[in-house]
Amino acid sequence: MPASSAPEAGHAARARARTRSRRTASRMPAALLVPAVLGLLYLVLPLLALLVRTPWSGLPAQLARPQVVDALRLSLLSATLATALCLLLGVPLAWVLARTQIPGRPVVRALVTVPLVLPPVVGGLALLLLLGRRGLLGERLDLWFGITLPYSTAAVVIAEAFVAMPFLVLTVEGALRSADVRLEDAATTLGASRLYAFRRVTLPLLAPGVTAGAVLCFARALGEFGATVTFAGSFPGVTRTMPIEIYLASQTTPETAVVLSVVLLTVSVLVLAGLRERWLSGAATR
Amino acid sequence: MSRPSRRGPSAIRPCGCPGHRRVGHPPRWWAGWVVLAVAVTGCAGGGTSGSPGQPSSEIVVLAAASLTEAFTQIAADFEAAHPGTDVTLGFGGSSTLGPQIVAGAPADVFAAASPDTMRLVVEAGAVSGAPAVFARNRLQIAVPAGNPADVGGLADLADPDLLVALCAPEVPCGAAAETALAAAGVQARPDTLEQDVRAVLTKIELGEVDAGLVYRTDVLAAGAAVEGVRLPVADDTVSDYLIAALADADDPDLAVAFVDCVSSDQGQETLADAGFERP
């Protein structure tokens, strides 16, 4: 449960806090300000070191390398598909967690957060044991339909969605809890079905929360390494995403790894900035 | 480069008495080094580790993942012979460990699965003295127990219907695989290029690939879940393993003593049990 309260509190309170923060900053006690600054440095300094050590002149040549183009394209494609999969399954799951009184709901929520705390490699191994060629379900898939999931781009999407979905579910659940239930109730008393009320009332209300969750989910999927390499393997153009390419490069040519890291960092920041912009302007017009 | 195996299947043996097949070894420069080292110290206690019963020294050994079983045993022997000494072992891909040492990882001894990786560390000035070849390993085709896809040789790795795992060319086992495949004129069609040899082995153990190229020692270590398909002599590729005491060692004498222990008869016996060959 503690894991669910963090994004909940974060996203619900952020909009309100934004206007207040400017006034309170000047009164902030040093006992809070000093660790806060240290915390920020802790997060930012490693990235600065990365940028300082980047051989900028080599950047265009690195970007033009076919395996980098392949890895970047694969990463963007698979992270997008994984986010779509998470939205499709995660938003309804969040709704069930926030709005219904199903028995054992705390257990369900705990189960949803497991992939958050699980080492991704363990997640990949678990996926392999379920969906691999000799896996619980995978054996049937192979036998009946001739489908072998590992070593395919589909496996990359599955691994990324497994690791990233909790981010979406917990964020959307938080947004649902802070949204006004009475609007939904009003819709249903006026004759709307629960599904209709969900589509026409709840989802629009949730848009900022869903977008925030999707961005987190996409960013997590983009950076996914352990589950992907364990479940999907690593083959150029098919399953070797940017993080795997970076790891391999770091074994032989660290400079290349640094350049690739900057590329991935740039893409992540651009995605976050772009989506956040839309999210903010969307919220403003409403 | 490739020599026919002198011992063949007799490599798996219980921990026998040391030193019964030293005589008549081809005279190479490191052979003399080995003999000298054995004569001087072996695994027996040197004068550097403090008096018995007074725990004092610690030594950190970073070694290639394929050495896991052998070095765990050698470290235990070393600790027994040097009372009061603690050996801390760190295993990983050679290509991961090498840069870590260059970056200042606190270690006393490095054992690498490829000369290239050791060269990287030597060029960075992190090694004291010259690295020595202490063991050799051979590639083998590994298949899940029962060999369900009926893999018989390197040529089968080109079959698009088979699921094949190789190491990525960036890591030693992948480089060795490339050499072996090129020498055999086989255009392999791998489905995944793993980041280290144990990752390939895991996929074979789980039956998630039909075949993979790993070291002979890995096949032995994996036990019953994995079978090895021996390569014909012509396709055989030998990988040299190198060991060196590091320049930053806290106790240089103790680091050298461990290196000597690995090269001693007792150490070589342990390595042979794990499937390694003498250099």
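Residues numbered from 1 in each chain as written. Chains lettered and ligands numbered in written order. Predicted model: local features only at pLDDT ≥ 70, side-chain atom pairs only at ≥ 80, totals over all residues.

(A) Molecular detail of the overall build of chain B. If you tally the helices and strands in chain B, you get nine helices and nine strands. Per-residue burial for chain B yields a buried fraction of 49% across its 279 residues. Sequence separation of at least 24 residues holds for 80% of the intrachain contacts in chain B that already meet a minimum separation of 6. (Helix = DSSP H or I, 4+ residues; strand = E, 2+ residues; numbered from the N terminus. Buried ≥ 20, exposed ≤ 12 C-beta atoms within 10 Å, placed from the backbone. Contact = placed C-beta atoms within 7 Å.)

(B) The arrangement of the pairing of strand β4 (residues 132-144) of chain B in detail. All names here are of chain B. Here β4 lies mainly inside the structure; 11 of its 13 residues are buried. When β4 meets strand β9 (residues 238-245), the two strands line up antiparallel, connected through six bridges. Across the sheet, the residue bridging to R136 is D240, located in β9. Both β4 and strand β8 (residues 226-229) contribute to a ladder of four bridges, which runs antiparallel. The partner of A142 across the bridge, within β8, is G228. (Pairing = 2+ DSSP bridges.)

(C) Main features of the interface of chain B and chain A. Tallying the contact residues gives 16 residues for chain B and 16 residues for chain A. Secondary-structure elements contributing two or more residues to the side of chain B that touches chain A are α3 (94-102) and β6 (192-194) of chain B. Of the residues in the side of chain B that touches chain A, the class split is seven nonpolar, five polar and four charged. (Nonpolar A, V, L, I, M, F, W, Y, C, P; charged D, E, K, R; others polar.)

(D) Fine view of the domain arrangement of chain B. Residues and elements named next belong to chain B. In terms of domains, chain B is made up of domain 1 (27-44 + 58-136 + 240-273) and domain 2 (137-235). The gap between the C-alpha centroids of domain 1 and domain 2 is 27 Å. At the interface, 12 residues of domain 1 touch 13 residues of domain 2. For the side of domain 1 that touches domain 2, the class distribution of residues is four nonpolar, six polar and two charged. (Domains from an automatic or database assignment.)

(E) Fine view of the packing of α3(B) against helix α4 (residues 115-123) of chain B. Residues and elements named next belong to chain B. Between α3 and α4, the least distance of the axes is 9 Å, while the angle of their chain directions is 5°. As judged from the angle between their axes, α3 and α4 are roughly parallel. Side by side, α3 and α4 meet where S94, S95, G98, I101 and V102 of the first sit next to T117, L120 and V121 of the second. (Axes fitted to C-alpha atoms, helices over the stretch in contact; angles between N-to-C directions. Parallel < 35°, antiparallel > 145°, perpendicular 65-115°, else oblique.)

(F) Up close: the nonpolar core. Membership of the largest hydrophobic core comes to 142 residues, with the highest contact counts inside it found for B:V109, B:F110 and B:F258. Sort the elements by how many residues they give to this core and helix α8 (residues 153-178) of chain A lands first, with 17 residues. Of the domains in this structure, domain 1 (27-44 + 58-136 + 240-273) and domain 2 (137-235) of chain B are the two that each give at least three residues to this core. Once residues lying within four places of it in the same chain are set aside, the contact partners of B:F110 are B:L62, B:L97, B:I101, B:V121, B:A244 and B:L246. (Core = buried A, V, L, I, M, F, W, Y, C linked by C-beta atoms within 7 Å.)

(G) Inspection of the confidence of the model for chain A at higher detail. In this model, chain A carries a mean pLDDT of 84, and residues with pLDDT of at least 70 account for 87%. Within chain A, no element has a lower average pLDDT than helix α1 (residues 2-25) of chain A, which sits at 51, and none a higher one than α8(A), at 94. (pLDDT = per-residue confidence, 0-100.)

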